[in-house]
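Chains, contacts and geometry: an overview
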Amino acid sequence: MCVNTHNFRIALAGNPNTGKSTLFNALTGMNQHTGNWPGKTVEQASGYFSYERDTYEIIDLPGTYSLYSNSADEEVARDYIIFEKPDVTLVVVDATSLERNMNLALQVLEMTSSVIVCLNLIDEATKKGIKVDSGLLAKKLGVPVIKMSARNKVGLDQLLKKIQAMVHGNVSVHPYRVTYPPLIEKQIAELEADIKATVGNSYPSRWIALRLLDGDEALLHSLKERLAKKESVMV
């Protein structure tokens with residue numbers, strides 16, 4: 001009897017020192033390799049793991065505090081989420097410093113709805129008397145939030161179950177979107193119309209509009225390169 005299997009891709013994002021690489025190692029074990037991102041001196045780490053009947057490739061994105069164009073690390077992480085469209089993006093946040101970590105999480109939610117927030121270092125938070133209501137946080141963010149201690153492998157099974165549910169379309173998400181002042185929202189709407197006319201629904205038009213309003217030339221360059229490649233393939 002033949003058993004159907006599926007292959008999925010997962011991106012792993014997070015600030016430095018949140019335990020992101022520890023989670024990567026816990027999921028992949030020895031089944032991983034490193035190299036450089038194409039055209040960059042930034043290290044690329046990827047690995048594989050299986051759960052139930054599915055196989056996953058997980059890409060450990062560079063640790064960053066934002067996904068703008070302030071560094072090669074940020075550009076690599078941003079471009080992967082936007083252009084490669086992983087099936088799930090895991091955002092690892094430090095439960096002992098949640099406010100600082102939310103900046104990156106909210107940016108990822110502007111870019112993709114297939115997000116699971118990994119509330120890592122929950123054991124350290126408990127030691128410091130910090131309590132996090134993961135259910136309330138999930139409700140506010142509109143995506144699943146899993147309490148974890150990656151180094152102690154606490155919460156791994158719950159995370160794997162949630163990943164499986166999400167890739168098979170069994171998780172309902174309503175990602176939180178930041179609302180800006182009326183003038184900015186008006187400019188976003190005007191830009192979105194032009195962006196959708198150019199790229200359709202291929203990329204997150206609202207997020208691209210925000211970056212263009214911020215004068216992100218590097219993103220515009222990456223977008224033009226992708227569109228040119230797409231056109232050359234279609235010819």
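What you are looking at is a predicted structure, and each value in this text was computed from that prediction instead of being measured. (Residues numbered from 1 in each chain as written. Predicted model: local features only at pLDDT ≥ 70, side-chain atom pairs only at ≥ 80, totals over all residues. Heavy atoms only, no water.)

**Remarks on the pairing of strand β3 (residues 43–51)**
Sheet topology note: the strand β2 (residues 32–36)/β3 ladder contains 5 bridges and is antiparallel. In the sheet register, H33 faces β3, and the bridge partner there is S46. (Pairing = 2+ DSSP bridges. Helix = DSSP H or I, 4+ residues; strand = E, 2+ residues; numbered from the N terminus.)

**As for the packing of aromatic side chains**
Scanning the entire structure with this criterion turns up 3 aromatic pairs. Relative to Y56, the ring of F49 lies with its centre 5.0 Å away and its plane at 15°, an arrangement referred to as stacked. Accessibility classification places F49 together with Y56 in one group, the buried group. Between F83 and Y203 the ring centres are 5.2 Å apart and the planes differ by 85°, which places this aromatic pair in the edge-to-face class. With F83 in helix α2 (residues 72–84) and Y203 in the loop between α7 (182–199) and α8 (205–213), this residue pair connects regions lying 120 residues apart in the sequence. For F83, a relative accessible area of 9% translates into the label buried. Overall, Y203 belongs to the buried group, its relative accessible area being 12%. Members of the aromatic cluster, joined through ring pairs, are F8, F49 and Y56. (Phe/Tyr/Trp six-rings, centres within 6.5 Å; stacked < 30°, edge-to-face > 60°. Buried < 20%, exposed > 50% of the residue type's maximum accessible area, 1.4 Å probe, protein only.)

**Side note on the sheet that holds strand β5 (residues 88–94)**
Read across the sheet, 7 strands follow the order β2-β3-β4-β1-β5-β6-β7 without closing on themselves; strand pairing throughout is mixed. Of all strands in the sheet, those with a lone pairing partner are β2 and β7 (145–147), marking the two edges. Each neighbouring strand pair of the sheet contributes to a mean axis angle of 25°, computed without reference to strand direction. Of the pairings in the sheet, the one linking β5 to strand β6 (residues 115–120) comprises 6 bridges and is parallel in character. Following the sheet pairing, L90 is matched in β6 by I116. Of the strands in this sheet, β1 (6–14), β5 and β6 touch helix α3 (residues 98–111), which is tilted by about 165° from β5. The sheet contacts of helix α6 (residues 156–167) involve β1, β3, β4 (54–60), β5, β6 and β7, and relative to β6 the element is tilted by about 170°. (Axes fitted to C-alpha atoms, helices over the stretch in contact; angles between N-to-C directions. Contact = heavy atoms within 4.5 Å.)

**A short note on the packing of helix α1 (residues 20–28) against α6**
Where α1 contacts α6, the two axes come as close as 12 Å, and the packing angle between them is 80°. In terms of orientation, α1 and α6 fall into the roughly perpendicular class. In this structure, α1 contributes L23, A26 and L27 to the contact, and α6 contributes L156, L159 and L160. Its residues assigned to classes, the contact of α1 with α6 shows 6 nonpolar, no polar and no charged. (Parallel < 35°, antiparallel > 145°, perpendicular 65-115°, else oblique. Nonpolar A, V, L, I, M, F, W, Y, C, P; charged D, E, K, R; others polar.)

**Comments concerning the side chain of D60**
Topologically, D60 is positioned in strand β4. Within the local environment of D60, its side chain forms a polar contact with the side chain of K20, the two groups lying 2.5 Å apart. Those residues in contact with D60 that lie beyond four places of it in its chain are L12, K20, S21, F24 and A45. (Polar contact = N/O pair within 3.5 Å; in protein donor to acceptor, adjacent residues only side chain to side chain.)

**A closer look at the pattern of salt bridges**
Where charged atoms from two side chains of opposite charge approach closely, those side chains can pair. With the rule as written, the count across this model stands at 12 salt bridges. Measuring nitrogen to oxygen at the nearest pair gives 3.4 Å for the salt bridge that ties D123 to R151. In this pair, D123 sits in helix α4 (residues 122–127) while R151 sits in the loop between β7 and α6, placing the two residues 28 residues apart along the sequence. Judged by relative accessible area, D123 falls into the buried class, the value being 18%. Notably, a salt bridge pairs D216 with R211, separated by 3.3 Å at the nearest N-O pair. In this structure D216 comes out as buried when scored by relative accessible area, which is 5%. Among the ionic contacts, a cluster of salt bridges with common partners joins R78, D79, R211, D214 and D216. (Salt bridge = Lys/Arg side-chain N within 4 Å of Asp/Glu carboxyl O.)

Purely geometric stuff here, so don't read any function into it on its own.
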